[in-house]
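Listed here are the chains, written in short residue letters.
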Amino acid sequence: MTGSAACVTSEQSPGLTMVQAVNLALARAMTDDPDVVLLGEDIGVDGGVFRATEGLLGRFGRERVLDTPISEALIGGLPIGMAAMGLRPVAEIQFMGFIYPVIDQMVNHAGRLRNRTRGRLSCPMVLRAPFGGGIHAPEHHSESMEALFAHIPGIRVVIPSSPARAYGLLLAAIRDPDPVVFLEPKRIYRALREPVADDGQALPLDRAFVLRAGRDLTLVSWGAMLTETLAAAETLAAEGIEAEVIDVATLKLLDAPTILESVARTGRCVIVHEAPLTGGFGAEIAARLASEGLMHLLAPVERVTGWDTVMPLPRLEGHYMPSTARILAAARRALAYR
């Protein structure tokens, strides 16, 4: 069974949430390409734990929307074989904290398939997972481990920060001939809305988005943390300080030139992410700035991150996650250098 229209309409006012935009993109991809199939725990009858696949089973049938057993190893391994045989599977892990058994499959098979077969086979699969904190979830439901996947050769890592970017980037990920890990910041699944045109237009992968232009300071972030980062930029603007805000969007492959060009103008950089400090992806960006943009820096690169601890339970969650106040403090430390 196929469908000619998405399960969520782009005319809904005042726009779509991110989870609705994800649903819209999945429906568009399945309508446009009969090789796109979905699999994961409870994604069919229940529409997924966050309802990102709601209505898709009824439109596209059980042959294309597959409820799987509770087995993350299976959910990570099955789409590799499906992709090698010409399908375009989109697999869902319910929470990123459950994703660790999948790393075995991604490291040993998905990321190596093109190289292993000398280009005879590719692995056009997408691995979706809600990630990050902020919804008062229990243990294993709030991790931000994007750096683990960014370290795997052959894997793209994409993180949207708004409904429109979720729609366009997910379409691009599904159409990509190689494996993509698509991490959805669940804290903003329903926290903001914006118009999303269901036009089938993908956004470019491997490219950062400049959300706000500025001349005094560069703020770099991704996912849900763009909310606090943009709020910090607004506060600074009221003080006469113009901060450029960059949404990295694709961590791997990193659009380093956009970040370097910005820092060449501003001379200062603050990197914001929810993941722990040590080994977080912000360290990779800081290293690129040190090796390729050192002569432009007027101040040390600042990082505002989660702490090197397990994400705490709800009562302490707010103390763990970077706040607008912490971002502003880091920005002012950078601006203090003259």
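Residue positions are counted from 1 within each chain, in the order its sequence is given. Residues qualify for local features only when their pLDDT is at least 70, as the model is predicted, and side-chain atom pairs are given and counted only at 80 or more; totals for whole chains, interfaces and linings, by contrast, use all residues. Hydrogens and water molecules were not included; the side-chain quantities draw on all heavy atoms of the structure.

### Things to note about the side chain of Arg156
Reasoning step 1: Strands here are runs of E lasting at least two residues and helices are runs of H or I lasting at least four, both read from the DSSP assignment and numbered beginning at the N terminus. Here Arg156 shows up in strand β5 (residues 156–158).
Reasoning step 2: Given a relative accessible area of 17%, Arg156 falls into the buried group. Using a 1.4 Å probe on the protein chains alone, a residue whose accessible area is under 20% of its type maximum counts as buried, one over 50% counts as exposed, and one in between counts as partly exposed.

### Remarks on the confidence of the model for the protein
Reasoning step 1: Mean pLDDT over the protein: 95, with 96% of residues reaching 70 or higher.
Reasoning step 2: Each residue carries a pLDDT score, the predictor's confidence in it, ranging from 0 to 100. Contacts are residue-level and defined by heavy atoms, with any inter-residue pair within 4.5 Å sufficient. When the criterion is pLDDT under 50, residues 1–6 qualifies, and its contacts beyond four places in sequence or with other chains add up to 16 contacts.

### Remarks on the pattern of salt bridges
Reasoning step 1: Salt bridge, as applied in this entry: a Lys or Arg side-chain nitrogen positioned within 4 Å of an Asp or Glu carboxyl oxygen. Applying the stated criterion across every chain yields a total of 17 salt bridges.
Reasoning step 2: Note that Arg114 and Asp178 form a salt bridge whose closest N and O atoms lie 2.8 Å from each other. In this pair, Arg114 sits in helix α5 (residues 113–116) while Asp178 sits in the loop between α7 (163–175) and β6 (180–185), placing the two residues 64 residues apart along the sequence.
Reasoning step 3: The exposure class assigned to Asp178 is buried, which follows from its relative accessible area of 18%.
Reasoning step 4: Notably, a salt bridge pairs Asp216 with Arg215, separated by 3.7 Å at the nearest N-O pair.
Reasoning step 5: Among the charged side chains, a salt-bridge network with shared partners connects Arg28, Asp32, Arg175 and Asp198.

### Quick look at the sheet that holds strand β8 (residues 217–221)
Reasoning step 1: At least two DSSP bridges between two strands are needed for those strands to be called paired. Taken in spatial order, the five strands make up an open sheet running β7-β9-β8-β11-β12, and their pairing is mixed. Each edge of the open sheet carries a strand with a single partner, namely β7 (209–212) and β12 (302–306). Sheet twist, expressed as the mean angle between neighbouring strand axes with direction ignored, is 25 degrees.
Reasoning step 2: One ladder, built from three bridges, connects β8 with strand β11 (residues 269–276); its direction is parallel. Residue pairing across strands places Leu219 opposite Val270, the latter belonging to β11.
Reasoning step 3: Relative to the sheet, helix α8 (residues 226–238) contacts β7, β8, β9 (243–247) and β11, its axis offset from that of β9 by approximately 170 degrees.
Reasoning step 4: Where helix α12 (residues 324–335) meets the sheet, it contacts β8, β11 and β12, and its direction lies at approximately 165 degrees from that of β12. Each axis is a line fitted through C-alpha atoms, and for a helix only the stretch in contact is used; angles between axes span 0 to 180 degrees, taken between their N-to-C directions.

### With respect to the side chain of Thr258
Reasoning step 1: In this fold, Thr258 is placed in helix α9 (residues 256–266).
Reasoning step 2: Other than its neighbours up to four places away in sequence, Thr258 contacts Ala208, Val210 and Ile246.

### A short note on the layout of surface pockets
Reasoning step 1: With a 1 Å grid spanning the protein atoms alone, the term cavity applies to any set of points in which a 1.4 Å probe fits but cannot get out, the term pocket to an open set with protein on both sides within 12 Å along at least five of seven lines, and the term lining residue to any residue with an atom within 4 Å of a point. Grid points are joined across faces, edges and corners, and a volume is the space filled by probe spheres set on the points. Put simply, the largest pocket is a space of about 210 Å³.
Reasoning step 2: In terms of lining, the largest pocket is formed by Ala147, Ala150, His151, Leu251, Lys252, Leu254, Gly279, Gly280, Phe281, Glu284 and Arg288.
Reasoning step 3: Those elements that place two or more of their residues in the lining of the largest pocket are α6 (146–150), β10 (250–252) and α10 (281–292).
Reasoning step 4: With three residues, α10 is the largest single contributor of residues to the lining of the largest pocket.
Reasoning step 5: Under the scheme applied, nonpolar residues are Ala, Val, Leu, Ile, Met, Phe, Trp, Tyr, Cys and Pro; charged residues are Asp, Glu, Lys and Arg; polar residues are all the others, including Gly. Across the lining of the largest pocket, the residue classes tally to five nonpolar, three polar and three charged.

### Focus: unusual backbone geometry
When glycine is set aside, most residues are seen to have a negative phi, and most peptide bonds are trans.
Reasoning step 1: A cis amide bond, omega 10 degrees, links Lys252 with the succeeding residue Leu253.
Reasoning step 2: Along the chain, the position of Leu253 falls in the loop between β10 and α9.
Reasoning step 3: The backbone of His136 shows a phi angle near 60 degrees, a positive value even though the residue is not glycine.
Reasoning step 4: Position of His136 among the secondary structure elements: in the loop between β4 (126–131) and α6.
Reasoning step 5: Look at His140: it is not a glycine, yet its phi comes out positive at around 75 degrees.
Reasoning step 6: Residue placement: His140 occurs in the loop between β4 and α6.

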